[in-house]
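Here are the chains, one letter per residue:
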Amino acid sequence: MSGTMTETPVRAESSAPSAAAAATRSLARAEAVRLLRHPAVLAAFALYLVQWTYGAYSGDDRYPVLHDEDRYTQLSLLLIAAGTLLAANLAALRSYRHGTDAMFDLLVLPPWRRTWALLLALLPVTVLSAVLAGARIGYAAAQDAAVGRPSVAELATGPLVVLLAGAIGVLAARVVRSVVAAPLTIAALGIMTVVGALQAKSDARWWGLVGIEDEGVPPQPTSLTYRPVSWHLLYLAALVILVAAVAVLRAGGRSTPFKATAGVALLAVLVTGFAQQRGLPDEVREARTSAENAPSSQQVCVERDGIDYCAFPEFKDRHRQWAEVTGGVLRWVPQDVREKRYSVRQHVFLNTVDEGVVPPLPVARWAADDRAAGTPGAVPIGTDWGTHSDLAGDHMLGFAGSFAHRAMTGEAPTYPQNQAICRARGAITLWLAVQATDETREAYDSLAGRSFGGLALNTFDAATGFGVDGRELDLVRTLLTRPDAEVGAKVKQSWTELTAPDTTIDEAAALLGVPTPPAAPEGEESRCE
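Conventions used here
- Residues numbered from 1 in each chain as written.
- Predicted model: local features only at pLDDT ≥ 70, side-chain atom pairs only at ≥ 80, totals over all residues.
- Heavy atoms only, no water.
- Pairing = 2+ DSSP bridges.
- Helix = DSSP H or I, 4+ residues; strand = E, 2+ residues; numbered from the N terminus.
- Axes fitted to C-alpha atoms, helices over the stretch in contact; angles between N-to-C directions.
- Contact = heavy atoms within 4.5 Å.
- Parallel < 35°, antiparallel > 145°, perpendicular 65-115°, else oblique.
- Nonpolar A, V, L, I, M, F, W, Y, C, P; charged D, E, K, R; others polar.
- Left-handed = near helix turned anticlockwise from the far one by under 90°.
- Phe/Tyr/Trp six-rings, centres within 6.5 Å; stacked < 30°, edge-to-face > 60°.
- Buried < 20%, exposed > 50% of the residue type's maximum accessible area, 1.4 Å probe, protein only.
- Lys NZ or Arg CZ within 6 Å of the ring centre and 35° of its normal.

Draft legend 1. Seen up close, the sheet that holds strand E7 (residues 466–468). Strand order in the open sheet formed by three strands is E5-E7-E6, with mixed pairing between adjacent strands. The open sheet is flanked by strand E5 (419–420) and strand E6 (455–457), the only strands paired with a single partner. Note that E6 and E7 share three bridges and pair antiparallel. Among the inter-strand pairings, Leu457 is bridged to a residue of E7, identified as Phe466.

Written as structure tokens, this is what we have:
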């Protein structure tokens, strides 16, 4: 046979599919290394670690509630998601930015395989994000005061958002060949996340990247919350597949299989998206009503140093921190008062402000439930704790004041509205609460700096609590300048007189050996006069 044979270049995918797949994997590994070393990704990881370190150093993580901490990991990983989106977009635009598109057309890998490699390159940064989320929750769980149990689905959400963000970055490069596409996409996703946070009670927020709750609400038992996190995880997974399939299609991938994948993924996005909108289940609504009005049936109790601490099961270990406060209050009361039987019961208050009116606590229903449970006169306490926020600190100090009032009067406060505790009783109640622990003193300093005139103590966000007025507060300020042991000894010695309802501030000051507080300015009204 004679003649000239002409060689025609053949792409690896047509002559040897396995070779093309191997080349795709090799390119993916190279791109993964470049992605992890990209300045945007490195900066995002650095900011993540700085934020984590600051929280640990400042003490904000001292009292973690693990079934809240698991979703907090999602918000932190949004930093890494943004860095990954930007880096992935720039990687997909590299040949365009460098003017080498024509050269890339000569390579054995067609554009759609190079796009697939860029998508595979997102897996290592996703895995690293999952490791960080696991380390973060592990660190929180290792804290002595940790309560609750994390959700695997919540922990998996953040890393999946990182993967989705990277895929969106690749798709943006295939749709808009401009470096401004990534920043604009990040801005749009950021706005969507902020809008979702502002609509924390709307089911529509679940169409976004993360479902943000109202962080102003104290932690709740998981039996009283509803987060369709499993559906949301499936929703994000379907979005990842949809975005990846569309990106490959835009790059010229084989239309039939990728179109079918995109179609199925789109259907899955719609199904899982609407599944997140089912609203609050009836069983959760019923559990909330029962927990708010008669929580004893859902709680467990622990006895410590003669005090019964009753809490929702996930918060049972919090009794150790409560005991520090109760012990700090009782150390300066007479022996017979200290040996009385006391109870502390955890409550949730789910009512919200209605047309600017703050509702009162259902104290009558709570008192009836306490009597039925065999803990009459139990001091109510909420679910938040610590000084990491003004709200939690105020509630902690409010509990300390309520317990001090219980020790002083023999009964828990049952006021339907905010009331003032006057004269010596008010001053001694507040002093016992403030000096109980270092943290109650810190909470007092914070509240005093935000208050004018008197001081209000509330264990819950409700129109029920008590407070002290100007002269009572002036006496407490003076007492806090003296050593606790000195004041405490005089409180024990004069307990009967100091706890009498009619003992005045002037008489209390004389009994405690401190200067009499100045009289209230003329014309300034006081609830105690």
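Still more ground to cover, so stick around.
Draft legend 2. Main features of the sheet that holds strand E4 (residues 379–381). Read across the open sheet, the four strands follow the order E1-E2-E3-E4; overall the sheet is mixed. Single-partner strands in this sheet number two, and they are strand E1 (300–304) and E4. The mean inter-strand angle of the sheet, taken between neighbouring strand axes irrespective of direction, is 20°. Inspection of the sheet shows strand E3 (residues 342–346) paired to E4 by three bridges, in the parallel sense. Note that in E4 the partner of Gln346 across the bridge is Ile381. Along the sheet face, helix H14 (residues 319–330) touches E1, strand E2 (307–311), E3 and E4 and points at about 145° away from the line of E2.

Draft legend 3. Structural context of the packing of helix H3 (residues 39–58) against helix H4 (residues 66–92). Here H3 crosses H4 at 175°, and the two axes come no closer than 8 Å. Comparing the axis directions of H3 and H4 gives the class roughly antiparallel. Between H3, through Ala40, Val41, Ala44, Phe45, Leu47, Tyr48 and Gln51, and H4, the contact on the second element is made entirely by Ser76, Leu77, Leu79, Ile80, Gly83, Thr84, Leu86 and Ala87. Considered class by class, the residues forming the contact of H3 with H4 number 11 nonpolar, four polar and no charged.

Draft legend 4. Region of interest: the pairing of E1. In the sheet, E1 pairs with E2 via five bridges, with the strands oriented antiparallel. Counted as the bridge partner of Val302 is Tyr309 from E2.

Draft legend 5. How the structure looks around the packing of H4 against helix H8 (residues 122–141). Across the interface, H4 lies against H8 with an axial gap of 10 Å and an inter-helix angle of 155°. Relative to H8, the element H4 is oriented roughly antiparallel. Here H4 runs over H8; the crossing is right-handed. Counting all contacts with H4, which are made through Leu66, Glu69, Asp70, Thr73, Ser76, Leu77, Ile80, Thr84 and Ala88, the residues of H8 involved are Leu122, Val125, Ser129, Leu132, Ala133, Arg136, Ile137, Ala140 and Ala141. Grouping the constituent residues of the contact of H4 with H8 by class yields 11 nonpolar, four polar and three charged.

Draft legend 6. Layout of the packing of aromatic side chains. Counted according to the given criterion, the structure contains 10 aromatic pairs. Pairing Trp52 with Tyr139 gives two aromatic rings, centres 5.9 Å apart and planes at 75°, and the pair type is edge-to-face. In this pair, Trp52 sits in helix H3 while Tyr139 sits in helix H8, placing the two residues 87 residues apart along the sequence. Of the residues examined, Tyr139 reaches a relative accessible area of 30% and is grouped as partly exposed. Summarising the aromatic geometry, the rings of Trp207 and Tyr235 are spaced 5.7 Å apart at their centres and angled 85° between planes, so their arrangement reads as edge-to-face. With Trp207 in the loop between helix H10 (181–198) and helix H11 (229–250) and Tyr235 in helix H11, this residue pair connects regions lying 28 residues apart in the sequence. In this structure Trp207 comes out as partly exposed when scored by relative accessible area, which is 28%. These aromatic residues form a ring-pair network of at least three members: Tyr342, Trp385, Phe399 and Phe403. In this arrangement the basic side chain of Arg136 is found over the ring face of Tyr48, its NZ or CZ atom lying 5.6 Å from the centre.

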